[in-house]
Structure formats: structure tokens, C-alpha cells
2 protein chains.
Amino acid sequence: MKKIGLIGGIGPASTVEYYLGLIQKSLAEQNNSIYPEIVIDSVNMLKHDVALENGDYSVLGEYLLSSLSNLKAAGAEIAAITANTEHIVWDRICNNFPLPVISIVEETVKELKRLRFKKALIFGTESTLRSGLYEKALTVNGIKAVIPCDAEISLLGKLIYPNLENGIVIPSDKEKMIALANKYIEKENVDALILGCTELPLAIKSEDVNIPIVNTTQVHINAIYQYAIR
Amino acid sequence: MKKIGLIGGIGPASTVEYYLGLIQKSLAEQNNSIYPEIVIDSVNMLKHDVALENGDYSVLGEYLLSSLSNLKAAGAEIAAITANTEHIVWDRICNNFPLPVISIVEETVKELKRLRFKKALIFGTESTLRSGLYEKALTVNGIKAVIPCDAEISLLGKLIYPNLENGIVIPSDKEKMIALANKYIEKENVDALILGCTELPLAIKSEDVNIPIVNTTQVHINAIYQYAIR
């Protein structure tokens, strides 16, 4: 099994989801015979946030390349960024990657196609939604993308950061997120809800809405595991 | 703040305790202004277990040195092993460490001295207790060490591994551990209980026994943080 490298810390709660998720999956599928070797380079999330707020994508790209180099130096054979938003700069750094990196966006699109979804509602951070990250990837693959209106993107951003990003689920915030999801589910007749932020699955569960949820964290974990055992 | 390197995965549940503990401590003490940079090299615990069972300390030492080198290559400036048992081979590798490494045993002894404890009951894995790791360190520092008898060391080992090591607290196992602690607390008149295995604090809490507990995981986290901000 290949050694897995994870850029972590954006945020720490989802880093733990990836770490324990990969270990549990490996133990479950390999008769408790292998604890996967994993190296996590956990960054200072605030530096990433400042770069994102300033739209300073070259700085963000440098942070990610530096972290990927750390993972490679520590023996990682494949890598992944444990956040959606950072994938905004994917095109800027993909030619310079020192390791094969598994994209959460590409793997989510594959999963939507596998399950034959045609129209998806996308939730995520302000940076993710305003960048059109998922919209572009879905459209290219013939899947319609629905994102909240501008004011609701801002609202969703505030419901994610800082509490949910730090792993804290505020019940009233959860209610507001679900109400927003239901509004679009009724209005737009979407057939799936993409949780396009690795912390959203901490708050929004399958039982909370009446359409299938695509948990990008879990999709990504499954994909990383499959690449690691190839 | 220095970049922290952690040898993790022995076991994963305590790796998460260290990771989130260091981040929470840093945010709390620095007005939410710094998420510490942390690199975790999470090893295949089963390889370590086999080396320990076979008493193959040179192999175990090689594993640890290799992991420390990975941490250094990924930019770590200080390091720590997130387990007690692996400290058995400390003397074999301390001259070859490529980084300053903070010992859980040394920091625990400092804490016992700071709190003026004179006689401590030690709980830990079979390898830790049979090696005399804590007994030696305490005795050198004038603190009396009490460890369970041979049969009870075996019992305690079975109460730790595999369930507690994997973060699973079985209520009847917890009861047996507390009964064992209380037996020695009454018989030996100890003034502290050292939880000398990084998973034991998942099961044994301060309210479970009537003497102070020394949580080696927390002592270690606090010490690592202090070294990192120096």
C-alpha cells in the first residue's frame, strides 16, 4: 500500500475525518492487517484564509506546493489536499506537482456521473462557490449546477466560518443551512446536494434533506484509498 | 512558533488527541492567531507491535529513526513520539536523533516533581511496565514506583489492546481497570496514578479514582507546546 500524503489543517476537524477515515477503511477492507502509512502536513489555516480573502492565488499556490514538497520529502507516494476551497488554484499548480495528487473535485464529478445525477445543488465556502470551481467541472461533464444567490452565498459562508470550520456545530446554524437547502431543492428540482466543503458533513446529515447527499470528504477518502492500494 | 513533528499512529486515537490538543492549546494561548504547523508521520502500528513482541529493539529503533528523518525532511524543528511504549528504545536512538525530541517519560517525571508526589502507581502496556521504563526514571529522581504484579500486568495489557488502543472504551474493561487501580491505591498508599499509555486517559478519568491522575498525554502535549514557542 502506497504511503499517503495529506495537506491538512484546513481545517483540523476535517483533517481528523480524513486520517481516521483512511485508517478505518484500510483496517475494514484488509482484515485488520494494515494501518496505512500516512503523513500529514498541517498548515496554518489563517495564512491560507488571508491569501484567499485577498484573492492572492499565487501565494496560495506557493503554500500548497511547499506543503506537497514536505509530503514528498517525508516519503508520501500520493497526495491530497483535505479541503475543497484550495482546489481553486489546481490549474496553477498541477504542472508543478511533485507527486500524483487526487482532486476532490474530479472524484466528486466521477461519483455524480456514477450515480447518474443530472442536476446538483452545491454548498461550500464563499471562495469555493464564487470561484465557480464545481460549476465548471460539472458543466463540462454535462451535469447542471445550482448555486445559491449572492446574498445566500454570504450567509452560507458565515454559517461555515469560524464555528463549523473548527468542528463546532451550532444547532441554529445547522437549521439555517437545512432551510436554505430545502428552499433550493423545492424550487430547482435538483437530484443531489453536494457538500462541497469538507466540514459541511459535520452539520448536514443524510436524514436532514429529502434528496441524496454527496459527501465530498467521504468521496475523497474512498478515492485516496483506492489510489493507495493500486 | 517552531514546526512540530509527531510520530503518530501508535495508536491513531492518541495521535488525534495530540493533534487537536496542540491546536486547541495554541489557539487558546495565542488569541486564535496561530494554527501551529504540525507534521505527523503516522506509522503502521502493527509493525511496531511485532518488533515489541519479539523484543527486537534494534528494528524498533530503526523504525523510529526513519520516522524522525521523515519529520525532519518535512520541515519539523522539534519532534515527539506520541506513545509511551516506544520510549523503551530511547537510549538506543537518542544519540542519532536528527531533531530535538521531547520525551514523554522525562516530562512526566518533571511533572511529578513539580507536584511533589513521592510514590506513584504506574499503569501502561505490558511492554512499558515490564521494561521498567518509568520505574527507572522515577527511582533516579527519588520517587517510589509501584507497578502491578506480573499477572495483573498481563490483565492490564489485555484491557488496553486491541480495543482501547483503537479508541474503543468497553465499559466492563474500564471497570476492571478502575478496580485494579483502587486495589493498589488502598494497599500501597500511593499519592498519584500515572496513566503511562497515551490511550488510558480515554478510559480512566479524574473522577474515577480518589488520588490525582497524571495524564502523560496531556503532560506531553503541554511540554511540546512550551518547546515549540521557545
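In the block above lies the structure referred to throughout.
These notes cover the structure that comes with them. (Residues numbered from 1 in each chain as written. Chains lettered and ligands numbered in written order. Predicted model: local features only at pLDDT ≥ 70, side-chain atom pairs only at ≥ 80, totals over all residues. Heavy atoms only, no water.)

Attention now goes to the interface of chain A and chain B. In this assembly, 29 residues from chain A lie in contact with 29 residues from chain B. Carbon and sulfur atoms supply 54% of the area buried between chain A and chain B, which totals about 2,300 Å² over both sides. Looking only at chain A, the three residues that lose the most surface to chain B are Tyr19, Tyr35 and Ser42 of chain A, adding up to 28% of its buried area. With its nearest N and O atoms 3.5 Å apart, the salt bridge here joins glutamate 37 of chain B to lysine 47 of chain A. (Contact = heavy atoms within 4.5 Å. Buried area = accessible area lost by both parts, 1.4 Å probe. Salt bridge = Lys/Arg side-chain N within 4 Å of Asp/Glu carboxyl O.)

On to the relation of the copies chain A and chain B, then. In this arrangement, two copies of a chain are superimposed by a rotation about an axis accompanied by a shift along the axis. Mapping chain A onto chain B calls for a screw motion: a turn of 180° about the axis and a shift of 0.0 Å along it, with 0.0 Å RMSD after fitting. Taken together, the rotation and translation relating the two chain copies correspond to the operation of a two-fold axis. When the interface residues of chain A are mapped onto chain B, 100% of them again fall at the interface, so both copies present the same face. (Least-squares fit on C-alpha atoms with pLDDT ≥ 70 in both.)

Attention shifts here to helix H7 (residues 133-140) of chain B. All names here are of chain B. Among the residues of H7, Leu133, Tyr134, Ala137 and Leu138 are the ones counted as buried. One face of H7 carries all of its buried residues, which in axial projection span an arc of 110°. Exposed residues on H7 whose side chains face more than 90 degrees from its buried face are Lys136, Thr139 and Val140. On its buried face, H7 sits against helix H5 (104-114), strand E5 (119-123), helix H6 (126-131), strand E6 (144-146), strand E7 (192-195) and helix H11 (216-229). (Buried < 20%, exposed > 50% of the residue type's maximum accessible area, 1.4 Å probe, protein only. Helix = DSSP H or I, 4+ residues; strand = E, 2+ residues; numbered from the N terminus. Arc of directions from axis to C-beta.)

Before going further, it helps to spend a moment on the pattern of salt bridges. A full pass over the atoms with the stated rule returns 20 salt bridges over all chains. Notably, a salt bridge pairs lysine 25 of chain B with glutamate 29 of chain B, separated by 3.1 Å at the nearest N-O pair. On the criterion of helical spacing, the pair formed by lysine 25 of chain B and glutamate 29 of chain B is a turn pair, its members being 4 residues apart in helix H1 (residues 12-29). Of the residues examined, glutamate 29 of chain B reaches a relative accessible area of 45% and is grouped as partly exposed. A cluster of three or more residues bridged by salt bridges with shared partners is formed by Glu126, Arg130 and Asp150 of chain A.

Bear in mind that shape data such as this cannot, by itself, settle questions of function.
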